[in-house]
Amino acid sequence: MTMSLAMPSPDTTGEWEFLPFSFDHLDEATVLMTNLVGEQIFLTNDEFDQVRSGVPRSSSLKRRLASVHILRRRGESLPVELLAMKLRTQNRRLAQSTALHMFVVTLRCEHSCRYCQVSRQASSNDEFDMSPDTALRGLEFAFRSPSRSMKIEFQGGEPLLNFPMVRYVVEKAKELNREADKDLAFVIASNLVLLDDEILEFCEREGIYLSTSLDGPSDLHNRARPRPGMDSWERVVDGVKRAQDRLGPHRVSALLTTSAASLDRVTEIIDTYVGLNLHSIFLRPMSPYGFALRPRSGRSYEVERWLSFYAAGLDYIIELNRNGYPILETWAAIIAKKMFTNDDSGYVDLASPAGIGLRALVYNYDGGIYASDEGRMLAEMGDLTFRLGQLGEATYDDVMLSEELLAPQMTSLTHSAPMCVTCAYRPYCGSDPVFHHTTQGDFVGHKPTSEFCQRNLGVFRLLTQRARRDPYVRELFIDWAHSC
C-alpha cells in the first residue's frame, strides 16, 4: 500500500521536525520514501519504524533524511527554499504553455487497423480533408502560443493521402516563423505506405521527422494492421529503410501498439526493431478510444498481463544494452527523466496540471479545436466533452480560458486529487482526465480501480526496483533520461 505520512510523532527534544513526505512498501524488506519533488530514500523496516515513532535517534539516519529535505532542524529555512526552487523548476513549462500542435489533415486511410482510435474514412472520400483556409487558421492560432518551441505533428487518417496540405502547412509555418522566430519542428505520423522519392526529398529539405507504427514480426503486424494486399509490414519495413538511408536513422522512429496477441512475443517484437536498426521502442498499451473499444480489437487484456509483458521487455532491452546494442524504452525514459532529474520531457500523459490543452492542441480537418488527440477521437464517437472551439470563431484566449479546458485541469490536479496526493510516486505521474472520463465517467476517476493508476504504479515500482538493485541499470536509466 502507498500512503502519506506528513507529521509523525513529535521530536521530544524539539530540535528536529519533518517536512511532508510519502512512502511505499517497495518490498518486504524495503520502504521507499519520497519528498515533495520526488527525491528518494530507501529505509529498512527497522529504520522506518523509527520514523513512525518520531524523529530517529540515529544521527546517520537523521542525516540521510535531511539530505532529501524530509527532516530539518526546527526553524531552518534552507530546506524549504530548496524544495520551493526545485518545484518551480519542475513546473516551469506552465508559463510556456502549448508547444505541440497536431494537424489532422485527413481522416482518410487505406488501412483497417483493428485497434484504430480514429473513425477513419475511405481513401477516395476527400470531403474529410483539411482545406487550406482551415490550415491557415490553425497556424495563426498555434502561433499565438507563448511557447518558444513549436512542434507541428501531422496526423490522420493517413496524412500522406493529403500530402499537398502537409506541404502547405510546412511552407506557411516557416513563412510565419520568420517573424515569430520559434524553435520550429515537424513530424509526420504515417504508415509510410505512400512514401515516395518526392516526399522523402521534401522531408530531407525541410528537416521533417517521420514516425510510423510497427507492431513487431510480419504476421503480428499484418494481422493487426490489415490493408489491401495484406502487405503492411513489408511496406513499412521498406519505408523505414528508405527513410533511414535518405534522412538518417535519428529522423525515423516507430511506435508499437500492444494488442492481446503481442503479450507473449515481446522479445520477437524487440528483435524486429533491432533488425531495422531502430534504437528506441515504446512498449505502450492500447488506448480505450475509437475502434479499439470493439470486442475484436485485441484490446481485451488485464493490466497485470501488460505489466508482465512490459517487465519482460524492459529486462530484455536492458540486456541488449549491456551486450552492446543501444536501445531505449521510451516509457521508461520519460519516467526516468522525472525520477532521476529535476525535469520532465513534456509528455502529455504524465503531466499535472494535465497536459491536455496546456501541452498539446489538436486542429481537426473540419476546424474543430480539441484538448488532445484522444479528445478528438471521443468527438468522432459523439462525445464533445473535450472540444474547445472552432477555428475562425474562438480566439486563443477563449480556448485557453474556457471552462471546457479549465474544469478537467483543476479537478484532476494530482496535488489535491484523492489518493494522488498521498502517493509516493505522485511527482513522476500525471493526470489523464480524458482516460478517466472515458473509462470511469469523471475527470478524476476511482484510483483503486483505474487502469491508468494500476499501470503507472506497476511501472514506477518496477523502474525503482531495477535501478536500486543494479548500478548499471540506474546509470542506463539516467542516460535515457538525458536523451529524451
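Residues numbered from 1 in each chain as written. Predicted model: local features only at pLDDT ≥ 70, side-chain atom pairs only at ≥ 80, totals over all residues. Heavy atoms only, no water.

Participant: Looking at this structure, how should I read the overall build of the chain?
Facilitator: For the chain, the helix and strand inventory stands at 18 helices and 17 strands. Against the 2.2 N^0.38 benchmark of 23 Å for 484 residues, the chain shows a C-alpha radius of gyration of 24 Å, consistent with a compact globule. If you line up the chain on its principal axes, its C-alpha atoms span 80 × 50 × 40 Å. Contacts spanning at least 24 positions in sequence make up 68% of the contacts within the chain whose residues lie at least 6 apart. Accessible surface for the chain amounts to roughly 20,300 Å². Of this, 51% is attributable to carbon and sulfur atoms. (Helix = DSSP H or I, 4+ residues; strand = E, 2+ residues; numbered from the N terminus. Rg over C-alpha atoms; globule rule 2.2 N^0.38 Å. Contact = heavy atoms within 4.5 Å. Areas by Shrake-Rupley, 256 points an atom, 1.4 Å probe, with all protein chains shown as cover.)

Participant: It is not clear to me how the packing of aromatic side chains should be interpreted in this structure. Could you clarify?
Facilitator: All chains considered together, the criterion is met by 17 aromatic pairs. Over the face of the ring belonging to Y209 we find R251, whose NZ or CZ atom lies 5.7 Å from the ring centre. Over the aromatic face of F42 sits the side chain of R468, whose NZ or CZ is 4.9 Å from the ring centroid. (Phe/Tyr/Trp six-rings, centres within 6.5 Å; stacked < 30°, edge-to-face > 60°. Lys NZ or Arg CZ within 6 Å of the ring centre and 35° of its normal.)

Participant: Looking at this structure, how should I read unusual backbone geometry?
Facilitator: Generally, phi is negative for residues other than glycine and the peptide bonds are trans, each holding for most cases. A cis amide bond links G156 with the next residue in sequence, G157, at an omega value of 15 degrees. Within the secondary structure, G157 is located in the loop between β8 (149-155) and α6 (163-180). The step from S352 to P353 runs through a cis peptide bond, and the omega angle for that step is 0 degrees. By the element assignment, P353 lies in the loop between α12 (330-340) and β15 (360-363).

Participant: I keep staring at the pairing of strand β3 (residues 22-27) and nothing clicks. Help me out?
Facilitator: Moving residue by residue along a regular strand, the side chains alternate between the two faces of the sheet. As paired elements, β3 and strand β4 (residues 30-34) share five bridges and run antiparallel to each other. Looking at the pairing, H25 lines up with V31 of β4. Linkage of β3 to β4, two consecutive antiparallel strands, is achieved through a turn of two residues. (Pairing = 2+ DSSP bridges.)

Participant: Would you take a moment to explain the packing of helix α7 (residues 197-206) against helix α9 (residues 232-247) for this structure?
Facilitator: In a pair of packed helices, the angle between the axes and the distance between the axes together describe the arrangement. At a closest axis distance of 10 Å, the pairing of α7 and α9 adopts a crossing angle of 40 degrees. With respect to α9, the axis of α7 lies oblique. α7 and α9 meet at a crossing whose hand is right-handed. Taken together, the residues of α9 that come into contact with α7 (itself represented by D197, L200, E201, C203 and E204) are R242, A243, R246 and L247. (Axes fitted to C-alpha atoms, helices over the stretch in contact; angles between N-to-C directions. Parallel < 35°, antiparallel > 145°, perpendicular 65-115°, else oblique. Left-handed = near helix turned anticlockwise from the far one by under 90°.)

Participant: Sorry if this is basic, but what is going on with helix α5 (residues 132-142) here?
Facilitator: An α-helical turn contains 3.6 residues, so a residue and the one three or four places further along point in the same direction. Looking only at α5, the buried set comprises T134, A135, G138, L139, F141 and A142. For α5, the arc enclosing every buried residue in end-on projection is 160 degrees, short of the 170-degree limit, so these residues lie on one face. Its buried side turned inward, α5 meets β7 (100-104), β8, α6, β15, β16 (368-370) and α14 (396-400). (Buried < 20%, exposed > 50% of the residue type's maximum accessible area, 1.4 Å probe, protein only. Arc of directions from axis to C-beta.)

Participant: Even after reading the chapter, I still don't get the environment of Y316, so can you show me in this structure?
Facilitator: Note on placement: Y316 falls in helix α11 (residues 303-322). The exposure class of Y316 is partly exposed, given its relative accessible area of 24%. Between the C-alpha atoms of Y316 and T267, which are 49 residues apart in sequence, the distance is 7.0 Å. Apart from residues lying up to four places away in sequence, Y316 is in contact with T267, I270 and D271.

Participant: I would appreciate a short explanation of the sheet that holds strand β11 (residues 252-258) in the present structure.
Facilitator: To summarise the sheet geometry, strands pair through backbone hydrogen bonds and adopt either a parallel or an antiparallel arrangement. The nine strands are arranged β13-β11-β10-β9-β8-β7-β15-β16-β17 in an open sheet whose pairing can be described as mixed. The two strands at the open ends of the sheet, each matched to only one other strand, are β13 (283-285) and β17 (387-390). Direction aside, the axes of adjacent strands within the sheet are offset by 25 degrees on average. Looking at chain direction, β16 and β17 are connected through three bridges and run antiparallel. Bridge pairing in β17 links I369 to G389. Together, β7, β8 and β9 (183-189) form the strand contacts of α6, whose direction differs from that of β9 by roughly 175 degrees.

Participant: Help me understand helix α13 (residues 373-380), please; the structure alone is not making it clear to me.
Facilitator: Of all eight residues in α13, six are buried; the element is thus mostly enclosed. Those residues of α13 that are buried lie in contact with β7, β8, β15, β16 and α16 (433-440). Immediately beyond the C-terminal end of α13, within one or two residues, lies G382, with a positive phi of roughly 100 degrees.

Participant: Looking at this structure, how should I read the pairing of β8?
Facilitator: Across the seven residues of β8, five count as buried, placing the element largely inside the fold. One ladder, built from six bridges, connects β8 with β9; its direction is parallel. What sits directly across from S149, in β9, is D183.

Participant: In this structure, what is going on with the nonpolar core? I would like to understand it.
Facilitator: Side chains of nonpolar character tend, in soluble globular proteins, to be buried together. F103, I152, F154, Y310, L314, F477 and W480 are the most contacted members of the largest nonpolar core, which totals 122 residues. In this structure L314 touches L283, E329, A332, L462, L463, F477 and W480, once residues within four positions along its chain are discounted. With 16 residues, the next largest nonpolar core counts W16, F23, V51 and V55 among its residues. (Core = buried A, V, L, I, M, F, W, Y, C linked by side-chain atoms within 4.5 Å.)

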